[in-house]
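So you can see what is in the structure, the chains are spelled out below.
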Amino acid sequence: MFEFDQLADRRTDHSRKWDRKFVEAIYGPLPEDYISMWIADLDFQVAPVIQDCLQEIVAKKTLGYVYTYDEFYQAIQYWQKDKLGLDIDREHILLDYSVAISLYHAVRAFCQADDCIMIQNPVYNPFRMAAQENDIRAIEVDLLLDQDGRYQMDFATIEAQMIQHQPKLFILCSPHNPGGRIWSKEEITRLAQLCLDHGVILVADEVHSDHIYQGEFFSTLALDEAYRQNLVWFNSANKGFNFAGLKTSYAIIPNDQLRAQYQKLM
Ligand SMILES: Cc1ncc(COP(=O)(O)O)c(C=O)c1O
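Calculation notes
Residues numbered from 1 in each chain as written. Predicted model: local features only at pLDDT ≥ 70, side-chain atom pairs only at ≥ 80, totals over all residues. Helix = DSSP H or I, 4+ residues; strand = E, 2+ residues; numbered from the N terminus. Rg over C-alpha atoms; globule rule 2.2 N^0.38 Å. Contact = placed C-beta atoms within 7 Å. Near = placed C-beta within 6 Å. Nonpolar A, V, L, I, M, F, W, Y, C, P; charged D, E, K, R; others polar. Expected span 1.5 Å × (residues − 1). Buried ≥ 20, exposed ≤ 12 C-beta atoms within 10 Å, placed from the backbone. Pairing = 2+ DSSP bridges. Axes fitted to C-alpha atoms, helices over the stretch in contact; angles between N-to-C directions. Core = buried A, V, L, I, M, F, W, Y, C linked by C-beta atoms within 7 Å.

Within the protein chain, the secondary structure is distributed over ten helices and nine strands. The C-alpha atoms of the protein chain give a radius of gyration of 19 Å, which matches the 18 Å a tight globule of 266 residues would have. Overall, the protein chain is about 55 × 45 × 40 Å in size when its C-alpha atoms are taken along their principal axes. Pairs at least 24 residues apart make up 66% of the contacts formed inside the protein chain by residues separated by at least 6 positions.

A word on the site of the ligand. Residues in close proximity to the ligand total 13 residues, the closest being A40, S98, V99, A100 and Y124. Here the residues of the shell around the ligand sort into seven nonpolar, five polar and one charged.

Let's shift gears to helix α2 (residues 48-59). For α2, built from twelve residues, the straight-helix expectation of 16 Å at 1.5 Å per residue is met to within 8% by its first-to-last C-alpha distance of 16 Å. Within α2, only zero of the twelve residues are buried, which leaves the element largely exposed.

Across the sheet, which stays open at both edges, the seven strands sit in the order β1-β9-β8-β7-β6-β2-β3 with mixed pairing between neighbours. Both outer strands of the open sheet, β1 (93-96) and β3 (137-142), are each paired with one neighbouring strand and no more. Strand after strand, the sheet turns through a mean of 25 degrees between neighbouring axes, direction not considered. Two strands pair when backbone bridges link them, and strand β2 (residues 116-121) and β3 are joined in this way by six bridges, in the parallel orientation. Within β3, the residue paired with Q120 across the bridge is V141.

A word on the environment of K21. Counting through the fold element by element, K21 comes out in helix α1 (residues 20-27). Residue class for K21 comes out exposed when judged on the 7 C-beta atoms lying within 10 Å of it. Residues K21 and D96, 75 residues apart in the sequence, show an inter-C-alpha distance of 30 Å.

Let us now look at the nonpolar core. General note: in soluble globular proteins, nonpolar side chains tend to be found buried as a group. In this structure, I117, L169, L202 and V203 are the most contacted members of the largest nonpolar core, which totals 50 residues. By residue number, the principal contributor to this core is helix α4 (residues 99-110), which donates seven residues. Once residues within four sequence positions are removed from consideration, L169 is found in contact with A106, V107, F110, I117, V200, I201 and V203.

Next comes the structure, spelled out in structure tokens:
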């Protein structure tokens with residue numbers, strides 16, 4: 001049992017979040033008693049079961065190359081079944097090394113020069129950077145704020161912009177960062193339908209889905225098969241289990257052709 005009551009001393013572990021020099025290089029001088037809140041990285045120790053696992057690896061005293069072994073696939077299949085009731089084919093799962101990097105891979109795998117992608121604004125900045133740093137234009141559709149201060153997707157503008165610009169990808173953040181919006185099944189399905197109608201691949205970053213406190217999460221992986229065949233999906237255990245420094249993540253791509261295209265880059 002893990003009680004989330006063991007704080008770690010993050011000022012001594014080369015943490016991007018807490019290291020004074022690192023943070024000052026981005027944000028300028030900090031007060032003596034600064035509290036760092038700029039990155040989604042928790043200050044708890046990792047759960048004992050994860051510490052034990054890593055200690056077992058270190059006890060073997062080798063850290064050479066390993067292949068992607070059965071337990072990796074089984075852990076993901078177990079997690080998706082247990083959490084969302086989803087049966088994931090082992091062949092659809094790919095090991096990757098960070099969800100942010102996967103976004104760059106997706107842009108490179110599916111876009112040619114002069115293509116563009118579509119994102120919503122505001123959003124986690126690497127969505128934009130994945131396009132810009134690959135010389136691909138990002139068409140940004142603003143999220144709308146409703147009377148309750150909740151973000152809503154602007155479906156009419158999304159569709160109009162899809163028709164006008166014919167983006168290759170729509171990159172969805174689900175749950176959304178920033179704002180924490182959990183998209184409903186209806187919203188996700190409507191977006192997936194627009195993607196299908198206009199020949200746009202739906203790329204879903206669901207990295208924040210492993211720690212939902214309120215509301216019901218609907219994964220794009222639970223969409224009907226026609227939509228899943230147009231889906232490139234990313235997640236990692238980093239956020240849910242707080243080990244972003246290990247740089248591991250995974251992709252699930254049900255469509256054989258899209259998966260093969262994505263895999264060429266890895
Ligand atoms: C929406 C989103 N995607 C991806 C990441 C980064 O994930 P990773 O550490 O696996 O690259 C973050 C980190 O804050 C994020 O908010």
